[in-house]
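# Structure assessment
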Amino acid sequence: MERLQKVIAHAGVASRRKAEKLIVDGKVTVNGEVVTELGTKVGKNDDIEVEGVPIDKEAPVYYLLYKPRGVISSVSDDKGRKVVTDFLPEVQERIFPIGRLDYDTSGLILLTNDGEFANLLMHPSHEVDKVYIAKTKGIPTKDQLKQLKKGMTVDGEYLKAVHAKVTSTDSKKNTAIVQIVLHEGKNRQVRRMFESLGYPVDKLKRERYGTLDLHGMNAGDSRPLKPFEVKQLRALAEKTVE
C-alpha cells in the first residue's frame, strides 16, 4: 500500500505537492469515491482517477541514454525527427526525458516514468552537478572563465556556471576544449554563455550528471539505472530542496 499522492506523482500526472492539492480540492477518486484526505493509502487493485482521467500505475523505471547529436529530447516530434525514446524501443513503460539536451548537443540524459523523481531533479534549488565538455572557436582567457562563474545576464536571463576550466587548446586552429559545470539547465545555457563572450561553441557534450557518467558507452547506447544510482541521485537532489 502506498500513499495516494505518491502514486499520482509516480504516474507522472503531477508533482507530489500538486497531487496533494488535487486531492484536497476533491479532484481525485478512488474506486469511484472522491477522496480528500491526505495520506490515504491505495493498493495495486484500486482504480484511481484524477479529474476524471484514470492513471496508469506502472512500476517506476529509470534509464540512462547517451544521446547522439541530431536527436530531439522529447517523446515525439511533429517534423519526424529522431527523438530520445527511439533509442529505447524495448521499454514498454511510458518514459519521458528528465530535462533536455539541445538538438546539436550529445551526451547523458535520463528517462523515466516517475514524475516525482523527474520533478525533484529539475527543482530550481537542487545542486546536482551537470558536467559539459565544449569545443569553442577561440580560446577563452582565465578572466573570461571567471566571468562564467561570476554569472552574466544574457537576453535578460541570469546565467551562471559552477566551475569552468580550459583542458586543452589548439593554437593553430584557434580552438579550445573547456569543461564547464552547471547546476541549472536553462535553454541552450552553455552555448549562450560562451557566445556572449565571443566564443561560439562548435561541439557540446554532457558527460556527467551527478554521480553518473558515460563510461564504456557509445552514442545511442542506453542502460537501466541500478537501484543504488537512483538512490544516490535522489539523495543529491533532496539535500538541497527546501
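The preceding data block contains the structure.
Residues numbered from 1 in each chain as written. Predicted model: local features only at pLDDT ≥ 70, side-chain atom pairs only at ≥ 80, totals over all residues. Heavy atoms only, no water.

## Some thoughts on the nonpolar core
Counting residues in hydrophobic clusters, the biggest one holds 32 residues, and the most contacted among them are L88, L148, I180, V190 and F194. Broken down by secondary-structure element, the contributors of at least two residues to this core are β7 (62-67), β9 (106-112), β10 (130-137), α4 (142-150), β11 (152-154), β14 (175-182), α5 (189-197) and β15 (201-209). Look past the residues within four positions of V190 in its chain and what remains in contact with it is Y132, A134, I180, L182, V201 and L204. Counting 19 residues, the second largest nonpolar core, distinct from the first, contains Y62, L110, A118 and A237. (Core = buried A, V, L, I, M, F, W, Y, C linked by side-chain atoms within 4.5 Å. Buried < 20%, exposed > 50% of the residue type's maximum accessible area, 1.4 Å probe, protein only. Helix = DSSP H or I, 4+ residues; strand = E, 2+ residues; numbered from the N terminus. Contact = heavy atoms within 4.5 Å.)

## A word on the sheet that holds strand β2 (residues 28-30)
The strand order across the open sheet built from 4 strands is β3-β2-β5-β6, with neighbouring strands paired in antiparallel fashion. Strands with a single pairing partner mark the edges of an open sheet, and in this sheet they are β3 (33-34) and β6 (53-54). Two elements, β2 and β3, share 2 bridges in a ladder whose sense is antiparallel. What sits directly across from V30, in β3, is E33. (Pairing = 2+ DSSP bridges.)

## Things to note about unusual backbone geometry
Non-glycine residue N31 carries a positive phi angle of around 55 degrees. For N31, the location among the structural elements is in the loop between β2 and β3.

## Description of the packing of helix α3 (residues 115-122) against helix α6 (residues 227-238)
The contact between α3 and α6 brings their axes to 9 Å, and the two run at 45 degrees. As summarised for this structure, α3 and α6 are arranged oblique, according to the angle between their axes. Taken as a pair, α3 and α6 cross one another with a handedness that is left-handed. Of the residues in α6, those touching α3 at E116, F117, L120 and L121 are V230, L233, R234, A237 and E238. Taken together, the residues of the contact of α3 with α6 break down into 6 nonpolar, no polar and 3 charged. (Axes fitted to C-alpha atoms, helices over the stretch in contact; angles between N-to-C directions. Parallel < 35°, antiparallel > 145°, perpendicular 65-115°, else oblique. Left-handed = near helix turned anticlockwise from the far one by under 90°. Nonpolar A, V, L, I, M, F, W, Y, C, P; charged D, E, K, R; others polar.)

## Focus on the pattern of salt bridges
Opposite charge on two side chains makes pairing possible when the charged atoms of those side chains draw close. On inspection of all chains with the given rule, the structure shows 10 salt bridges. Close ionic contact of K27 with E51 constitutes a salt bridge, the shortest N to O distance being 3.7 Å. Of this pair, K27 sits in the loop between α2 (16-24) and β2 while E51 sits in the loop between β5 (48-50) and β6, and the two are 24 residues apart along the sequence. In this structure, R192 engages E157 in a salt bridge whose closest nitrogen and oxygen atoms are separated by 2.9 Å. Here the residue R192 occupies a position in helix α5, and E157 occupies one in strand β12 (residues 157-159), the gap between them amounting to 35 residues. For E157, a relative accessible area of 29% translates into the label partly exposed. (Salt bridge = Lys/Arg side-chain N within 4 Å of Asp/Glu carboxyl O.)

## Here's the deal with the side chain of R192
Given a relative accessible area of 12%, R192 falls into the buried group. Of note is the side chain of R192, whose polar atom sits 3.3 Å from the backbone oxygen of V154. A polar side-chain atom of R192 sits 2.9 Å from a polar atom in the side chain of E157. Apart from the residues within four sequence positions on either side, R192 is in contact with V154, D155, E157, L159 and N187. (Polar contact = N/O pair within 3.5 Å; in protein donor to acceptor, adjacent residues only side chain to side chain.)

## Details of the layout of surface pockets
Roughly 520 Å³ of internal volume is contained in the largest pocket. Together, 28 residues line the largest pocket, and K130, E184, G185, K186 and Q189 are the ones closest to its centre. Of all elements in the fold, only α3, β10, α5 and β15 reach the threshold of two or more residues within the lining of the largest pocket. Of the residues forming the lining of the largest pocket, the biggest block, 3 residues, is contributed by β15. A breakdown of the residues in the lining of the largest pocket according to their chemical character gives 12 nonpolar, 8 polar and 8 charged. (1 Å grid on protein atoms, 1.4 Å probe; cavity = no way out; pocket = protein on both sides within 12 Å on 5 of 7 lines; lining within 4 Å. Points joined across faces, edges and corners; volume = space filled by probe spheres on them.)

## Details of the packing of α4 against α5
Between α4 and α5, whose axes approach to 11 Å, the crossing angle comes to 135 degrees. Relative to α5, the element α4 lies oblique. Here the hand of the crossing between α4 and α5 comes out right-handed. Where α4 abuts α5, its residues Q144, Q147 and L148 lie against M193, F194 and L197. Classifying every residue of the contact of α4 with α5 gives 4 nonpolar, 2 polar and no charged.

## Section: the packing of aromatic side chains
On inspection of all chains with the given rule, the structure shows 1 aromatic pair. Ring geometry for Y62 versus F117: centroids 5.0 Å apart, planes at 75 degrees, classification edge-to-face. Of the two residues, Y62 sits in strand β7 while F117 sits in helix α3, which places them 55 residues apart along the sequence. Here F117 falls in the buried class, since its relative accessible area comes to 1%. (Phe/Tyr/Trp six-rings, centres within 6.5 Å; stacked < 30°, edge-to-face > 60°.)

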